[in-house]
Amino acid sequence: MPLVLMSQVEHTYEYPRFRWGAEFGFETTAGKAVDMPQIRQNKSAYYNPAYNDDLYYCGYMFNRYDYTRVFAGFKPEYSLNHYFSVAAGLRFMYNNSVFNSDRQYFLWKVAEVSQTTDYVRINNFEQNNFYLGIPLELKIFTSKRDLRVRHYFKTGLFFNALVGSSTKVNFVNSEMENKYDDKIKRQLQKPSGFSAQAIIAMGLKIGRMTNPFGDIEIQMPINLMENQLASSFVHSTPLSFAMVAHIYLPAGKEKLSYNYRTKR
Amino acid sequence: MKKYFLIITIAALFFSCSKSESQMDKTIFIPDEIDPKLPAYTEWGYNAFGAKLDRQYFLSTNDLLPCKVLYKEGLLRFSLIGRYTSTENTRMTLTFCFPLEHISQFSDLVILNDKNYELSLSNIIVIVNKIGYTSQTQHETTDTLNIVEGILHFRRAQMLNIDDEQNRAILSGTFDFKYLDNNDFPAHFSDGRFDMGINNDNFYAY
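What you see is a predicted model, and the numbers here were worked out from it, not measured in a lab.

Each value, and the rule that gives it
Residues numbered from 1 in each chain as written. Chains lettered and ligands numbered in written order. Predicted model: local features only at pLDDT ≥ 70, side-chain atom pairs only at ≥ 80, totals over all residues. Heavy atoms only, no water. pLDDT = per-residue confidence, 0-100. Helix = DSSP H or I, 4+ residues; strand = E, 2+ residues; numbered from the N terminus. Contact = heavy atoms within 4.5 Å. Polar contact = N/O pair within 3.5 Å; in protein donor to acceptor, adjacent residues only side chain to side chain. Salt bridge = Lys/Arg side-chain N within 4 Å of Asp/Glu carboxyl O. Buried < 20%, exposed > 50% of the residue type's maximum accessible area, 1.4 Å probe, protein only. Phe/Tyr/Trp six-rings, centres within 6.5 Å; stacked < 30°, edge-to-face > 60°. Pairing = 2+ DSSP bridges.

A.B. asks: What is the right way to look at the confidence of the model for chain A in this model?
C.D. replies: Residues and elements named next belong to chain A. Averaged over all residues, the pLDDT of chain A equals 87, while 88% of them reach at least 70. Summarising per-element confidence for chain A, the mean pLDDT is lowest in strand S1 (residues 3-5) (50) and highest in strand S5 (residues 84-88) (97). Counted against residues more than four places away or in other chains, residues 45-62, with its pLDDT under 50, gives 46 contacts.

A.B. asks: Help me understand the side chain of Arg150 of chain A in this model?
C.D. replies: Tracing the backbone shows Arg150 of chain A in strand S9 (residues 149-171). Discounting residues that sit within four places of it in the chain, Arg150 of chain A has contacts with His82, Phe141, Ser143, Lys144, Arg145, Gly203, Leu204, Lys205 and Met209 of chain A.

A.B. asks: Explanation requested: the side chain of Ser232 of chain A in the structure shown.
C.D. replies: All names here are of chain A. Its location among the elements puts Ser232 in the loop between strand S12 (229-231) and strand S13 (234-235). In terms of polar contacts, Ser232 uses its side chain to reach the side chain of Gln127, at 2.8 Å. A polar side-chain atom of Ser232 sits 2.5 Å from the main-chain carbonyl oxygen of Gln189. When neighbours within four sequence positions are excluded, Ser232 is seen to be in contact with Val34, Gln127, Leu188, Gln189, Lys190 and Pro191.

A.B. asks: Sorry if this is basic, but what is going on with the pattern of salt bridges here?
C.D. replies: Oppositely charged side chains are able to pair whenever their charged atoms sit close together. Residue and element names in this part refer to chain A. According to the stated counting rule, one finds 24 salt bridges over all chains in the structure shown. The partner of Glu254 in a salt bridge is Arg17, with the nearest N and O atoms 3.5 Å apart. Of this pair, Glu254 sits in strand S14 (residues 241-263) while Arg17 sits in strand S2 (residues 8-33), placing them 237 residues apart in sequence. Note on Glu254: relative accessible area 45%, which makes it partly exposed. As a salt-bridge pair, Lys109 and Glu112 come within 3.3 Å of each other at their nearest N and O atoms. The exposure class of Lys109 is buried, given its relative accessible area of 14%.

A.B. asks: What am I meant to see in the packing of aromatic side chains here?
C.D. replies: The relation between two aromatic rings is expressed through the spacing of the ring centres and the mutual angle of the planes. Applying the stated rule across the entire model yields 31 aromatic pairs over all chains. Ring centres of Phe99 of chain A and Phe233 of chain A lie 5.5 Å apart, and the angle between their planes is 35 degrees; this geometry places the pair in the tilted category. Here Phe233 of chain A lies in the loop between S12 and S13 and Phe99 of chain A lies in strand S6 (residues 90-100), a separation of 134 residues in the sequence. When the centroid spacing of 5.3 Å and the interplanar angle of 70 degrees are considered together, the rings of Phe78 of chain B and Phe154 of chain B count as edge-to-face.

A.B. asks: Where do I start with the pairing of strand S2 (residues 56-59) of chain B in this structure?
C.D. replies: All names here are of chain B. Two elements, strand S1 (residues 48-53) and S2, share four bridges in a ladder whose sense is antiparallel. Across the sheet, the residue bridging to Ala51 is Phe58, located in S2. Connecting S1 to the antiparallel partner S2 that follows it, the hairpin turn spans two residues, and Asp54 within it adopts a positive phi of roughly 55 degrees. With two bridges joining them, S2 and strand S4 (residues 75-84) adopt antiparallel strand pairing. Residue pairing across strands places Phe58 opposite Tyr84, the latter belonging to S4.

Take a look at the structure:
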């Protein structure tokens, strides 16, 4: 019931403390390729006295590997007060990594016995990794009022477990698959089974918290564990970049309220 | 119509040429960690070699076939062909000749596995051939070296199969020797290492 005070009207605004939430997004990083000792080097800049030492570059590929994971999750949120809310949930993540040769194929040393060495020609490797994670987040709004567009910051932790991984070796000569497929997969390093990240983020909530609303945020995940492999082909980097969108559905009878005034 | 046929023919030739390029035939230079002007010692068949002659470098290059092996009359001639860096245009061939039991094809070279040759022995000959170019004049010298001491060591000789088909023999090893030249002036080939693929293109037996 609005109260008349001088030339202003005081209102009471209420919104549910609890809301169901769903998230969608991607995390990307410019990682470093895993050095695979079974691959025969296929290019070099050999010494030439007319050139300088910078020409000693060699390697089977540029040592950079862009790595992206897409994710979707379920993440309910609860407002502690007008400024702080907490959220926790489950996040499903997926990555597809392809490791190509910079030439037509790799020469992969598959076996070395006494005086015989066996190479096989491989077009590329393809790996699908599936993760299940638990995000724990604290959201900090910069203003008390639930405006239609509201700025916030976020910090949190994210624990992530590898729940499935499959690798395909694409041979130049398909007849080699039956003989060497399992052996080569065993020679590849396994992606890390567990990782932990700290997250700092900022975003914009769009819509009133009394009705279904959403937000969009940019995150900077910081890896808390060293020497991690994001896949068999790429090292995890200390920092990455993520974009996340959320959709919320307010629920529950417990409410927060505040008063505000408007001009008559 | 003729024009299209010509374009298609040229394109087909171009792509067929690039597909025939073999990674195994190239010289791959992997720098040594201690002395990056020398190739690292490897056993992959990178077709690279390197050595120091006193303080200059004798190295394989991509424009010269770096190794030839000739077996004739019970002698194996193992030649390393490259550039000597004291003057830019000097092409140098270092040949080791030593007796070997009968071989007839490159796959027989695996008998060299872990063989040492004492180069000062009288039945072993080491020859250096140099071809230099100065102002459009070619100078060629061939010296049989008077070895004072030194060893040629085939650390590993192996057969390489690619997709289960025999491809080539790989000879990897090291050498180090001191010698007196024709003027009795001493010199030292040091830190020598090689990693050579040998197949029908560079193996000869008569």
